[in-house]
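Each chain is listed here by its residues.
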Amino acid sequence: MDLSKMAVSINKAINTQEVAVKEKHARTCILGTHHEKGAHTFWAAVNRLPLSSNAVLCWKFCHVFHKLLRDGHPNVIKDSMRNKADLTDMSRMWGHLSEGYGKLCSIYLKLLITKMEFHVKNPRFPGNLQMSNRQLDEAGENDVNNFFQLTVEMFDYLECELNLFLGVFSSLDMSRSVSVTAAGQCRLAPLIQVILDCSHLYDYTVKLLFKLHSCLPADTLQGHRDRFQEQFKKLKSLFYRSSNLQYFKRLIQIPQLPENPPNFLRASALSEHISPVVVIPAEASSPESEHVVETEDLVDTDIPVLPAAVETKFDDLFGTSAATDPFNFNSQNGMRKDDKDRLIEQLTREIQALKEELESFRLESGRLCQALRGRVSELEAELAEQSHLRMQAAGESEFLKVELDDLRRVKEDTEKEQRSLTEIERKAQANEQRYTKLKEKYTELVQGHADLLRKNAEVTRQMTLAQAAQDEVETVRREMQDNVKAAQESADRQEKDQQEQLQTIQTELLSSREELITLKTAVTSSQQSSEELSAQLSTLESHKVALEETLSQKEAELAGLGEELERVQSSLANERESGVKTAEALQNQLNEKESREQALESQLATSRWASLQGALEEAQRIVQDSLALIDDPAHTSCTSSADYLVSRCQASLDCMDRLQSAKEAFLADTTNVSELVRAVTKCGHLVGDAIVQGSATSHMVPVEQADALSNSVKACGTEALSLLGSMKEQESLATADGSKLRTALEEILATAEKLRPRGLELQQGELGDLVEQEMAATSAAVESAAARIEEMLNNSRASDTGIKMEVNERILASCTELMKAIKELVLSSKHLQRDIVESGRGAASMKEFYAKNSRWTEGLISASKAVGWGATVMVDAADLVVQGKGKFEELMVCSHEIAASTAQLVAASKVKADKDSANLARLRTASKGVTQATAGVVASTKSAKSQIEEKDVMDFSSMTLTQIKRQEMDSQVMVLELETRLQKERERLGELRKKHYELAGVAEGWGEEEEGTG
């Protein structure tokens, strides 16, 4: 088949006319896919059509594509999966319309995507879903889990089919004969494919549910049965409504479902199930093609018949053929020319009447043939249904025979059932064990995830501990050195004192001996001069005795001193030995400390480098994500302003200076890695943000400027990745140069400066006065809130008692502390703003400074409004809680909202402040106080909530295994419902925040800025 012919048929089948797709064009497309064994030509032709701008065109595309998925080549599904993302985006786009073909196109596209996904997951199912029972069993691979999952997927598939059915019927005015109009047939024509799919899906779902009920408990499949019954009611109603439409009566014979759904709890009910059979007559086609066929048949049959009849009648009347003598009419029958003319006219009229009669006969015979063919088709369908019923009756009889045999073997099967019951209990225990293991595995995964989240904090804590251990080692070393030195000095000093005492004793001993010798000499001389010294003899003798006694005392003292000296020497020797042992022990401890210190140093160095590597990898990942976001089709709808891009580029350039200084500091001292890690992380975030904002800004500017800005952004991302990659290696860290990245950022900054709006004049007096008014209003709101809280506290003390008074006092006291902290924060913000204005205005006035820095001023105004509003709302929530009419969660949310508002005020206040400003330090301290007070409000609220609310005691001792299982399933259902509600509320919260962002942008003039940029 010529592919160009297929392309022409595609364009003829998919057009903007609101008529049904002609069957011959769709059949040509189907044959084309079988000819080329794929759908490349189809998608090449479709991609050139404006499907997103014309709903009728998209609707007819869905109809043709559905036919190709059903009857085309099997590779059509594989080739079409490449366009799944485009179909999803188109469905989402048409889904924004609430009526007409737009809503129908969205539903139809979702159905086609579901059909493709189903056939990709289950390749055994052909596109037309025609399978035998054996093939259906093979599709599940005889695994109950596969059958369970396959049933769920079929439910989802059938749900999409029913949604399209309902969508088409709801879009038609059924009070009129819409099925005979071209517009109505355009909407109803795709439902033929839907009816074919639904009949097979219903049949397979019934068979799979009977199979599941034979393998699983009935309670487990309660959800399946409920969902089947809901879909059964919808499908039966839709089949009934479709069979009454005139359009479907001549194109398709729609089966009727039974009055009641099958009873899956009774296994014999499977034999009562009759598979719905959809019959399409052989001549069924669109009205246009049928009309053409009938006309051609009439023309073909009229041409050879009429001339023969006319010629025969002419020869009978005139006796000879015109070929014998065509010019001699008078001589042949003797009639005049006028009579002949009248006869010819009469014969002509008779011939015309015969033609009309023959034509009516042909039309009537054609209608009768068509009716007979339809009747034959109906009889064939009835014959097939009767054959199916006969087979089911035979199967049911065989089933009854088997059941009779089973009843006879009941007594023998009792023991087998007992064993099977034991086996079931064992399987139940095994399933419970597996569930326990899965739960433990899930807990381990959650714990592992939490450990990974705490990894960075753990590395930082290890660095701090290592530094503390190093300081401790230094302290212990110095203490041990001081102790050894002091011990040595004490030992030396004691030894010196003992030596001095010994020398003193020896000196006294020598002097005593010399004195004794002198006395002996004197005695000798006195004996010689006895005559002269007789008078002094007695005195000398007594003195001698005294000296001898003194000498003996001195000798005894000397002996005692000698013993003392020996004792001191032995103790000194012992002390020296213990000192040496202590010194050796201290030296060993010192060596161990040094070795452990070296190990900690190496571990600390490894941790530092690992943390730096992690920061670099994270920065690379951020930049790569930002670059990938540029080519994301979903990002094309994002826009940004040139002013914001300038601020992001300026912040990135400032961060580059910080990164360079941090890198130089790290190269000088490798222990100072924290500053480099912070600089790398911040640089990655800022550069990635600059890339994203640059790409978003390019969507708002002309094409040439947008291309230049996109190229600059991509070059910036490439240079950032190159710089981070060179910093990951220790050898190239010192040579890593950020000048190229700085140049790329400066190019983006220059381009953004050119794109900034010009001529926007601000009224100086209004902004300056508005800042003062908003700050004053915020202070007044905080003061009013504090006064109301004090009043509520006094009223609660006067009226409440017991636990309620305790709870109210705790909550209101924490709210009072929060109001004090906010008051301090607002005051600090005022002082800091005054310093900023005084240091930055120069010779200009305060109002001129506010007007010059209009964006900063508008940020201050917005932040002040948010703080005042948050304080008022929190007081209202606290009042309701104290009265017992409010919720504790509202108070906690208000507290978090106040924390966010004050953080916004702090950020807006310090964005232009000097980092060494004393007022900035006080503002940060006040911000920490607000954070702590907010945490106190939340903690007191949670404590009060837990104190007031009663806790139910869970007692399962009186429940059976079946009851516990049912309660477990009910709990799982409740958990799923709550998770669904939580997901919906989170989505609603996201939409509210998005809308708040848009309204805030309108209030602060973002829209005007974008118009100026454009």
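Scroll up to find the structure.
Parameters at a glance
Residues numbered from 1 in each chain as written. Predicted model: local features only at pLDDT ≥ 70, side-chain atom pairs only at ≥ 80, totals over all residues. Heavy atoms only, no water. Salt bridge = Lys/Arg side-chain N within 4 Å of Asp/Glu carboxyl O. Helix = DSSP H or I, 4+ residues; strand = E, 2+ residues; numbered from the N terminus. Buried < 20%, exposed > 50% of the residue type's maximum accessible area, 1.4 Å probe, protein only. Axes fitted to C-alpha atoms, helices over the stretch in contact; angles between N-to-C directions. Left-handed = near helix turned anticlockwise from the far one by under 90°. Contact = heavy atoms within 4.5 Å. Nonpolar A, V, L, I, M, F, W, Y, C, P; charged D, E, K, R; others polar. Expected span 1.5 Å × (residues − 1). Polar contact = N/O pair within 3.5 Å; in protein donor to acceptor, adjacent residues only side chain to side chain. Disulfide = S-S within 2.5 Å. Parallel < 35°, antiparallel > 145°, perpendicular 65-115°, else oblique. Phe/Tyr/Trp six-rings, centres within 6.5 Å; stacked < 30°, edge-to-face > 60°. Lys NZ or Arg CZ within 6 Å of the ring centre and 35° of its normal. Core = buried A, V, L, I, M, F, W, Y, C linked by side-chain atoms within 4.5 Å.

## Side note on the pattern of salt bridges
Scanning the entire structure with this criterion turns up 21 salt bridges. Residue Lys115 is joined to Asp197 by a salt bridge in which the shortest nitrogen-to-oxygen separation is 3.8 Å. With Lys115 in helix α7 (residues 100-121) and Asp197 in helix α11 (residues 191-213), this pair connects stretches of sequence that are 82 residues apart. Just as Lys115 is buried, Asp197 falls in that class too. Here Arg658 and Glu675 are joined by a salt bridge, their closest N and O atoms 3.1 Å apart. Separated by 17 residues along the polypeptide, Arg658 in helix α20 (residues 642-668) and Glu675 in helix α21 (residues 674-698) bring together distant segments of the chain. Salt bridges sharing common partners tie together Arg70, Lys115 and Asp197.

## What about the packing of helix α4 (residues 55-71) against α11?
For any two helices packed against each other, the geometry is given by the interaxial angle and the distance between the axes. At a closest axis distance of 10 Å, the pairing of α4 and α11 adopts a crossing angle of 35°. In this structure, α4 crosses over α11, and the sense of that crossing is left-handed. On the side of α4, the interface is formed by His63, His66, Lys67 and Arg70, while α11 contributes Gln193, Val194, Leu196 and Asp197. Across the contact of α4 with α11, the residue classes tally to two nonpolar, three polar and three charged.

## Structural notes on the environment of Cys815
The topology assignment puts Cys815 in helix α26 (residues 802-840). For the pair Cys815 and Val875, spaced 60 residues apart in sequence, the C-alpha to C-alpha distance is 8.2 Å. With near-sequence residues (within four places) excluded, Cys815 lies in contact with Ile789, Met874, Ala878, Leu891 and Val937.

## A few points about unusual backbone geometry
Positive phi, normally seen in glycine, also occurs at Glu141, with a value near 55°. We classify Glu141 as exposed; its relative accessible area is 53%. Positive phi values are uncommon outside glycine, yet Asn142 reaches one of about 55°.

## Here we look at α4
Its 17 residues place the ends of α4 24 Å apart at the C-alpha level, agreeing with the 24 Å of an ideal helix rising 1.5 Å per residue. Burial within α4 is extensive, with 16 of its 17 residues counted as buried. Capping the start of α4, Asn54 holds a side-chain oxygen 3.1 Å from the backbone nitrogen of Val56, two or three residues further along.

## Quick word on the state of the cysteines
Enumeration according to the criterion identifies zero disulfides in this entry. The thiol of Cys62 is unpaired, and the distance to the nearest cysteine sulfur, on Cys58, comes to 4.3 Å.

## Overview of the packing of α7 against helix α9 (residues 144-171)
Running from amino to carboxyl end, α7 crosses α9 at an angle of 160°, the nearest separation of the two axes being 9 Å. The angle between α7 and α9 places the two elements in the roughly antiparallel class. The way α7 lies across α9 gives a crossing that is left-handed. Taking contact as the criterion, the partners of Leu104, Ile107, Tyr108, Leu111, Thr114, Lys115, Phe118, His119 and Lys121 in α7 are, on α9, Leu150, Glu153, Met154, Asp156, Tyr157, Cys160, Glu161, Asn163, Leu164, Gly167, Val168 and Ser171.

## Some remarks on the packing of aromatic side chains
To describe a pair of aromatic rings, you give the distance between the ring centres and the angle between the ring planes. Taken as a whole and assessed by the stated rule, the structure comprises 18 aromatic pairs. Aromatic pair Trp43 and Phe65: ring centres 5.2 Å apart, planes at 75°, arrangement edge-to-face. Of this pair, Trp43 sits in helix α3 (residues 40-46) while Phe65 is found in helix α4, placing the two residues 22 residues apart along the sequence. An identical accessibility class is assigned to Trp43 and Phe65; each is buried. Taken together, the ring pairs connect Tyr202, Phe210, Phe228, Phe232 and Phe264 into an aromatic cluster. Above the ring of Tyr101, the side-chain terminus of Arg187 is found at 4.5 Å from the ring centroid. We note Lys211 situated over the ring of Phe147; from NZ or CZ to the ring centre the distance is 5.5 Å.

## Some thoughts on the environment of Glu746
Note on placement: Glu746 falls in helix α24 (residues 739-755). Classification of Glu746 by relative accessible area gives partly exposed; the value is 40%.

## Examining the nonpolar core
The biggest cluster of nonpolar side chains holds 94 residues, and the ones touching the most others in it are Ile14, Phe42, Phe61 and Phe125. With 14 residues, α11 is the largest single contributor of residues to this core. Apart from residues no more than four positions distant in its own chain, Phe125 is found in contact with Phe118, His119, Met131, Leu136, Ala139, Leu150, Met154 and Tyr204.

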